[in-house]
Amino acid sequence: MDNKTRDLEVEFQARIDSGENIEAKDWMPEKYRKTHIRQISQHAHSEVIGMLPEGNWITRAPSLRRKVALLAKVQDEAGHGLYLYSAAETLGISRDQLMEQLNSGKAKYSSIFNYPTVTWADIGAVGWLVDGAAIINQVMLTKTSYGPYARAMVRICKEESFHQRQGYEIMLTLCNGTEVQKAMAQDALNRWWWPSMMMFGPRDEDSPNTEQSMKWKIKKKTNDELRQQFVDQTVPQAEILGLTVPDPDLKWNEKTGHYDFGELDWEEFWNVVKGNGLCNKKRLADRNKAWDEGAWVREAATVHAEKKANRRLNKAV
Ligand code: BYC
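Just so we're clear, the structure is a prediction, and the values are computed from it rather than from any experiment.

Undergrad: Residues and numbers for the pattern of salt bridges, please.
TA: This model, assessed by the stated rule, comprises 20 salt bridges. In this structure, the salt-bridge partner of R66 is E169, at a minimum N-O distance of 3.2 Å. You can see R66 sitting in helix α3 (residues 64–89) and its partner E169 sitting in helix α6 (residues 147–175), a full 103 residues away along the chain. Residue classification places R66 among the buried positions, given a relative accessible area of 12%. The partner of K289 in a salt bridge is E293, with the nearest N and O atoms 3.3 Å apart. You can see K289 and its partner E293 sitting in helix α11 (residues 280–293), 4 residues apart, about one turn around the helix.

Below you can see the structure in the form of structure tokens.
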């Protein structure tokens with residue numbers, strides 16, 4: 001590294017340390033730029049793929065009210081994907097490149113969306129647990145050091161809290177219903193608890209990116225800190241529902257003021273991340289089908305935009 005780059009890096013770190021935001025046109029180390037493209041695009045892809053397991057239930061939601069709420073939630077997720085792709089584009093990657101990475105299977109997205117939604121209670125559990133976990137992670141990201149990402153997260157978090165509540169309300173209704181409905185809710189919790197815990201990523205000692213990301217304030221809390229926060233927040237909610245968290249080692253620890261919990265199945269986690277989860281192949285196939293079937297919409301929108309631009313140009317002449 002030459003002296004000039006070294007000076008720029010020192011200055012850059014000083015700005016981060018003083019709590020300043022970094023903006024798109026500011027100088028930044030190449031690794032900072034790349035880490036952001038990686039994280040923001042994985043996040044955007046998660047929003048887009050996240051629509052699939054829930055979209056699966058829109059036509060089967062048990063009432064018009066539930067259908068409208070779920071439709072709105074899935075639509076919000078498409079919007080979140082778009083804010084995030086726009087934030088990633090400020091770092092010099094194109095939308096076409098991002099789409100190619102997702103559709104070809106090169107890009108990662110959250111492991112959680114490779115699990116199937118087999119009953120209506122799963123939609124409750126996804127809203128409650130998956131969106132609950134997402135909020136914990138994303139509230140931290142509203143204070144992340146890269147301005148365009150932090151600002152996108154502020155808007156996203158407002159909508160996520162509605163998502164979490166619609167899920168919890170579904171669970172509450174099922175738990176106050178018949179015995180069979182309550183059993184459905186328990187079954188959904190049993191299947192979604194551990195995958196939701198995995199959303200926070202590997203243990204800190206196995207997380208190659210955390211140390212540098214903390215230094216650059218891309219992350220303000222580690223994977224394990226956020227996971228603990230999720231457990232502490234969610235266990236009392238399960239108690240209100242009258243459901244049992246499927247972890248025999250879960251126990252309140254008076255000394256630490258936190259819940260102790262059992263070990264995650266890391267083999268399962270890495271297996272899903274590497275593409276071998278229950279739904280990885282289906283998600284990618286559905287995503288590519290939707291992309292191909294939407295080609296005419298993209299083409300029509302492009303022609304319309306060109307026409308509008310030409311009309312403006314002709315008026316100006
Ligand atoms: N799934 O060093 P680490 C949502 C990868 S919510 C798959 O700790 P990092 C939604 C990681 O990418 C979900 N891969 O990484 C909610 C890395 O691989 P590469 C989306 C995972 O980045 C409801 C490797 O493992 N939220 O969208 O420092 C409805 C080592 O990990 C996972 C976000 O994306 C995982 N669970 O920390 C609809 C939030 N965990 O890239 C939609 C933004 C880890 O080095 N992202 N990996 O090959 C983050 O905050 C961080 O990227 C993470 C991981 C905490 C997820």
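Undergrad: Before we move on, could you go through the packing of α6 against helix α9 (residues 223–241) and cite the residues and values that matter?
TA: As a packed pair, α6 and α9 sit with axes 9 Å apart at the nearest point and diverge in direction by 35 degrees. Here α6 contributes Q164, Y168, M171, L172 and C175 to the contact with α9, which in turn contributes Q237, I240 and L241.

Undergrad: Please provide a residue-by-residue account of the site of the ligand, values included.
TA: Neighbouring residues of the ligand: 31 residues in total, closest Q42, K108, S207, K219 and N223. Within the side chain of Q42, a nitrogen or oxygen atom sits 2.8 Å from an oxygen atom of the ligand. A distance of 2.8 Å separates a nitrogen atom of the ligand from a polar backbone atom of S111. Burial of the ligand by the protein amounts to 91% of the accessible area it has alone, namely 1,000 Å². By residue number, the principal contributor to the shell around the ligand is helix α2 (residues 30–55), which donates 6 residues. Each residue belonging to the shell around the ligand can be placed in one class, and the counts come to 14 nonpolar, 11 polar and 6 charged.

Undergrad: Requested: an account of a positive patch on the surface, with residues and values cited.
TA: Positive charge collects at one region of the surface, where K307, K308, R311, R312 and K315 lie side by side. Here K315 lies in helix α12 (residues 295–316). Look at K315 and you get exposed, because its relative accessible area is 75%.

Undergrad: Any details on helix α4 (residues 95–103)? Residues and values, ideally.
TA: Turning to α4, its buried residues are L98, M99, L102 and N103. The buried residues of α4 occupy an angular sector of 125 degrees when the element is viewed end-on, so they sit on one face. Contact partners of the buried residues in α4: α2, α3 and α11. Remark: G105 follows α4 within two positions and exhibits a positive phi of approximately 90 degrees.

Undergrad: Quick one: what's the story with the nonpolar core, residue by residue and with numbers?
TA: Y32, W192 and W193 are the most contacted members of the largest nonpolar core, which totals 74 residues. A per-element tally of this core places helix α5 (residues 120–141) first, with 12 residues. Excluding residues within four positions of it along the chain, Y32 makes contact with F12, I16, I22, S145, Y146, W216 and I218.

Undergrad: Give a description of the packing of aromatic side chains that names residues and reports values.
TA: To describe a pair of aromatic rings, you give the distance between the ring centres and the angle between the ring planes. In total, this model carries 11 aromatic pairs according to the counting rule given. One aromatic cluster is present, built from ring pairs that chain together F12, W27, Y32 and W216. The aromatic ring of W57 is capped on one face by R60, whose charged end is 4.0 Å from the ring centroid. Against the face of W291 rests R298, its NZ or CZ located 3.5 Å from the ring centre.

Undergrad: Which residues make up the packing of α5 against α6, and what values do they have?
TA: The contact between α5 and α6 brings their axes to 7 Å, and the two run at 150 degrees. With respect to α6, the element α5 is oriented roughly antiparallel. The two elements α5 and α6 cross, and the hand of that crossing is left-handed. Partitioning the contact of α5 with α6 into residue classes produces 17 nonpolar, 9 polar and 2 charged.

Undergrad: Tell me about unusual backbone geometry, and please be specific about residues and values.
TA: Positive phi outside glycine occurs at K217, with the angle close to 55 degrees. With respect to the element layout, K217 can be found in the loop between α8 (210–215) and α9. Judged by its relative accessible area of 24%, K217 falls in the partly exposed class.

Reading the values: the criteria
Residues numbered from 1 in each chain as written. Predicted model: local features only at pLDDT ≥ 70, side-chain atom pairs only at ≥ 80, totals over all residues. Heavy atoms only, no water. Salt bridge = Lys/Arg side-chain N within 4 Å of Asp/Glu carboxyl O. Helix = DSSP H or I, 4+ residues; strand = E, 2+ residues; numbered from the N terminus. Buried < 20%, exposed > 50% of the residue type's maximum accessible area, 1.4 Å probe, protein only. Axes fitted to C-alpha atoms, helices over the stretch in contact; angles between N-to-C directions. Contact = heavy atoms within 4.5 Å. Near = heavy atom within 4 Å. Polar contact = N/O pair within 3.5 Å; in protein donor to acceptor, adjacent residues only side chain to side chain. Areas by Shrake-Rupley, 256 points an atom, 1.4 Å probe, with all protein chains shown as cover. Nonpolar A, V, L, I, M, F, W, Y, C, P; charged D, E, K, R; others polar. Patch = residues over 30% accessible without salt bridge, like charges linked within 9 Å, V, L, I, M, F, W, Y side chains within 5 Å. Lys, Arg positive; Asp, Glu negative; His and termini not counted. Charge placed at Lys NZ, Arg CZ, Asp CG, Glu CD. Arc of directions from axis to C-beta. Core = buried A, V, L, I, M, F, W, Y, C linked by side-chain atoms within 4.5 Å. Phe/Tyr/Trp six-rings, centres within 6.5 Å; stacked < 30°, edge-to-face > 60°. Lys NZ or Arg CZ within 6 Å of the ring centre and 35° of its normal. Parallel < 35°, antiparallel > 145°, perpendicular 65-115°, else oblique. Left-handed = near helix turned anticlockwise from the far one by under 90°.

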